[in-house]
Amino acid sequence: MADTKREIERKYEGPPAGEDVRLPDLTGVSGVSGVLDKGVAELDATYYDTPDQRLAAASLTLRRRTGGADAGWHLKLPVSEGVRDEIHAPLSDTVPRSLTGLVRSRVRDAELVPLVRLLSARDIRHLVDASGALLAEVSLDRVRAERLSGGEGTAEWTEIEVELADDGDPAFLDKVEKKLRKAGLSRSSSPSKLARALGETGQTGESGKRKKSAAAAAPATTAPAAQAPVTAGDHVLAYLRVQRDAIVELDPAVRRDVYDSVHSMRVATRRMRSAFRSYGRVLDRTVTDPIGDELKWLAGELGLDRDQEVLTERLTAALDNLPRTLLSGPVRTRLRTWSHARGSGSRRHLIAVLDGKRYLALLAALDAIVSDPPLLKAASGDPAKVIAKAVRKDFRKVSDLVGQALDRPPGADRDLAMHEARKKAKRTRYSAETATPALGRPAADLVKSMKSLQTLLGDHQDSVMTREALRELAGQAHAAGESAFTYGVLYGREEQRAAAAEAALPGAWEAIEGQGAV
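Residues numbered from 1 in each chain as written. Predicted model: local features only at pLDDT ≥ 70, side-chain atom pairs only at ≥ 80, totals over all residues. Heavy atoms only, no water.

- In the annotation of an unreviewed UniProt entry, the entry for the protein reads CHAD domain-containing protein, and the organism field reads Streptomyces sp. R35.

Pasting the structure below:
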């Protein structure tokens, strides 16, 4: 079993002249009532990575550490500057499965090997407030690094680390930093001990000169340094690269069931697939269509429980907003039973999908698309012409479908036409997103317009799906001898919402059509 902790910390070092680094007196820091000496801990940590250092290149660290209060395996995932999620697992001789899964989108089929060993003597101080509550832990670390693979040599340094207490105010770190700077300390130039160790113990050649660390060379799972796009192909590939990176980066969050991570990964798959279809004159669709099919498969797997959760949330909210006098029978119990029965129990299934060969093959295909793209002749063209033409084509398709929806009488045919228009509006939004860096304000305005249209049509489609669910619930309630009255009330309200969306569509589309495409 792995536990997760949000880690907010800063590292400091002394002047480059090599003066001995010492812990300054921190009793004067605002809010600090006491500085408690917690003694010296001897830490022994071995860091693991692939031979080409894919984890290090993505700022992930995986280590096995003994000594101190939290001995065990630690995986650190970057959140933002100075903020990481640390996932802890008990000590074992091999990397725990609970952690290998979380790095699989980076590691793929490569082997995890011991990379660096860090031996640290950690002199610990606790900064506490007047009530004795911990504000931050400050430590003076004397570190010795030994390269185990991919390089040679050792390195030694001393640094100060300040870690905020759980649920602490990050502004407190600014107060501590002010004191440390007065003592002649500055922020460390390395984001982590591992990064510093890799930089100072990198591989050396026969000449004895230090070679560039492998961590600095971007592996397939990390985007290369951004370059300003010039051609139409450059702009499309830049957009695809962002989506590929999002899928890879969101993988651990999806496995951990982090809020909105499944939805975000699903959106990335849709954006990428949409770009393949919109920019078929830039990228060869004989190559991208099979990958698009696999992206559709992955989106489907990600949505197995997500759609049901959204529908259940909508029905629950509708019940919450209903006067008690309109509640008849065990409606909430029936909703819970129905939702549980329709749930696919897909958490375990989804993890199996992410661990499977098909998913890893898809990730490899996405890497290949951005590293060796199947560019067509139009890819070298002027983005103002090539990309704009693709966006206008998508816009025309939306226009046709909206027109069809408006021409049809209320009912199933109109519902279907509005649903198709919604999907095309989403595709046009994504193609306009791709175009925004090249075309500027007109494309950005189109993104906003399509998002607004997508929301309107999405509300209508949600009402369609909710009414289908209410019919099913009412049938189950009737068969069980329960009152179906409340389901009918909710059904009527959903009909009103759908009618309101249909009534708003002509005016909304007229405004968008007047603005035009790019």
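**Some details on the pattern of salt bridges**
Reasoning step 1: In total, this model carries 50 salt bridges according to the counting rule given.
Reasoning step 2: We note a salt bridge from Arg256 to Asp85, for which the minimum N-O separation is 3.2 Å. Placement of Arg256 in the loop between α6 (232-255) and α7 (261-278) and of Asp85 in strand β5 (residues 83-89) is noted, with a sequence separation of 171 residues between them.
Reasoning step 3: Of the residues examined, Arg256 reaches a relative accessible area of 26% and is grouped as partly exposed.
Reasoning step 4: For Asp85, a relative accessible area of 8% puts it in the buried group.
Reasoning step 5: It is possible to trace a salt-bridge network through shared partners that takes in Glu7, Glu9, Lys11, Arg63, Lys76, Arg84, Glu86, Arg122, Asp141, Glu159, Glu161 and Lys193. (Salt bridge = Lys/Arg side-chain N within 4 Å of Asp/Glu carboxyl O. Helix = DSSP H or I, 4+ residues; strand = E, 2+ residues; numbered from the N terminus. Buried < 20%, exposed > 50% of the residue type's maximum accessible area, 1.4 Å probe, protein only.)

**Description of the pairing of strand β2 (residues 34-49)**
Reasoning step 1: The pairing of β2 with strand β6 (residues 113-128) spans 15 bridges and is antiparallel. Residue pairing in the sheet places Asp44 in a bridge with Leu119 of β6.
Reasoning step 2: Note: β2 against strand β3 (residues 61-66), 5 bridges, orientation antiparallel. Along β3, the bridge assignment pairs Asp44 with Thr66. (Pairing = 2+ DSSP bridges.)

**Focus on the environment of Ile351**
Reasoning step 1: Take Ile351: it is sitting in helix α11 (residues 346-355).
Reasoning step 2: Taking C-alpha positions, Ile351 is 13 Å from Leu99, a pair spaced 252 residues apart along the chain.

**Some remarks on the environment of Gly28**
Reasoning step 1: Assignment of secondary structure puts Gly28 in the loop between β1 (3-13) and β2.
Reasoning step 2: Between the alpha carbons of Gly28 and Gly202 there is a distance of 41 Å; along the sequence they are 174 residues apart.

**Quick word on a positive patch on the surface**
Reasoning step 1: A cluster of basic side chains, namely Arg281, Lys389, Arg392, Lys393 and Arg396, defines a positive patch on the protein surface.
Reasoning step 2: For Arg396, the location among the structural elements is in helix α13 (residues 383-407). (Patch = residues over 30% accessible without salt bridge, like charges linked within 9 Å, V, L, I, M, F, W, Y side chains within 5 Å. Areas by Shrake-Rupley, 256 points an atom, 1.4 Å probe, with all protein chains shown as cover. Lys, Arg positive; Asp, Glu negative; His and termini not counted. Charge placed at Lys NZ, Arg CZ, Asp CG, Glu CD.)

**Overview of helix α4 (residues 171-182)**
Reasoning step 1: The end-to-end C-alpha distance of α4, which contains 12 residues, comes to 18 Å, matching closely the 16 Å that a straight helix rising 1.5 Å per residue would cover.
Reasoning step 2: If you follow the buried residues of α4, they end up packed against β1, β6, β7 (134-147), β8 (154-164) and β9 (186-187).
Reasoning step 3: With its phi angle positive at about 90 degrees, Gly184 sits one or two positions after the end of α4. (Expected span 1.5 Å × (residues − 1). Contact = heavy atoms within 4.5 Å.)

**Looking at the nonpolar core**
Reasoning step 1: Ranked by internal contacts, the top residues of the largest apolar core, which has 65 residues, are Leu240, Tyr279, Tyr359, Met450 and Leu453.
Reasoning step 2: Per-element tally for this core: the top contributor is α13, with 10 residues.
Reasoning step 3: Residues within four places of Met450 in sequence aside, it is in contact with Phe395, Val398, Ala425, Thr428, Arg429, Trp509 and Ile512.
Reasoning step 4: Listed in part, the 18 residues of the second largest apolar core include Ala136, Ile160, Val162 and Leu185. (Core = buried A, V, L, I, M, F, W, Y, C linked by side-chain atoms within 4.5 Å.)

**Quick notes on the packing of α13 against helix α14 (residues 412-439)**
Reasoning step 1: Remark: α13 packs on α14, axes separated minimally by 8 Å, with the N-to-C direction vectors making an angle of 165 degrees. By the angle class used here, α13 and α14 are roughly antiparallel. Seen along the crossing, α13 lies across α14 with a hand that is left-handed.
Reasoning step 2: Grouping the constituent residues of the contact of α13 with α14 by class yields 19 nonpolar, 3 polar and 6 charged. (Axes fitted to C-alpha atoms, helices over the stretch in contact; angles between N-to-C directions. Parallel < 35°, antiparallel > 145°, perpendicular 65-115°, else oblique. Left-handed = near helix turned anticlockwise from the far one by under 90°. Nonpolar A, V, L, I, M, F, W, Y, C, P; charged D, E, K, R; others polar.)

**Considerations on the packing of aromatic side chains**
Reasoning step 1: Scanning the entire structure with this criterion turns up 2 aromatic pairs.
Reasoning step 2: Ring geometry for Tyr48 and Trp73: centres 5.2 Å apart, planes at 50 degrees, overall tilted. Taken as a pair, Tyr48 in strand β2 and Trp73 in strand β4 (residues 72-80) lie far apart in primary sequence, 25 residues in all.
Reasoning step 3: The exposure class assigned to Tyr48 is buried, which follows from its relative accessible area of 15%.
Reasoning step 4: Ring centres of Phe395 and Trp509 lie 5.6 Å apart, and the angle between their planes is 25 degrees; this geometry places the pair in the stacked category. Taken together, the positions of Phe395 in helix α13 and Trp509 in helix α16 (residues 485-515) put the pair 114 residues apart, joining distant regions of the chain. Across the pair, Trp509 and Phe395 agree in class, each one buried.
Reasoning step 5: Sitting above the plane of the Trp297 ring, Arg358 keeps its charged end 4.2 Å from the centroid. (Phe/Tyr/Trp six-rings, centres within 6.5 Å; stacked < 30°, edge-to-face > 60°. Lys NZ or Arg CZ within 6 Å of the ring centre and 35° of its normal.)

**Notes on helix α12 (residues 357-371)**
Reasoning step 1: The end-to-end C-alpha distance of α12 is 21 Å, a good match for the 21 Å that 15 residues give at a rise of 1.5 Å each.
Reasoning step 2: Within the sequence span of α12, burial applies to Tyr359, Leu360, Leu362, Leu363, Leu366, Asp367, Ile369 and Val370.
Reasoning step 3: The secondary structure elements touched by the buried residues of α12 are α3 (104-107), α6, α7, α8 (285-302) and α11.

**A look at the side chain of Gln243**
Reasoning step 1: Residue position: Gln243 is located in helix α6.
Reasoning step 2: Relative accessible area serves as the criterion here: at 6%, Gln243 is assigned to the buried category.
Reasoning step 3: Beyond its immediate stretch of four places on either side in the chain, Gln243 contacts Ala268, Arg271 and Met272.

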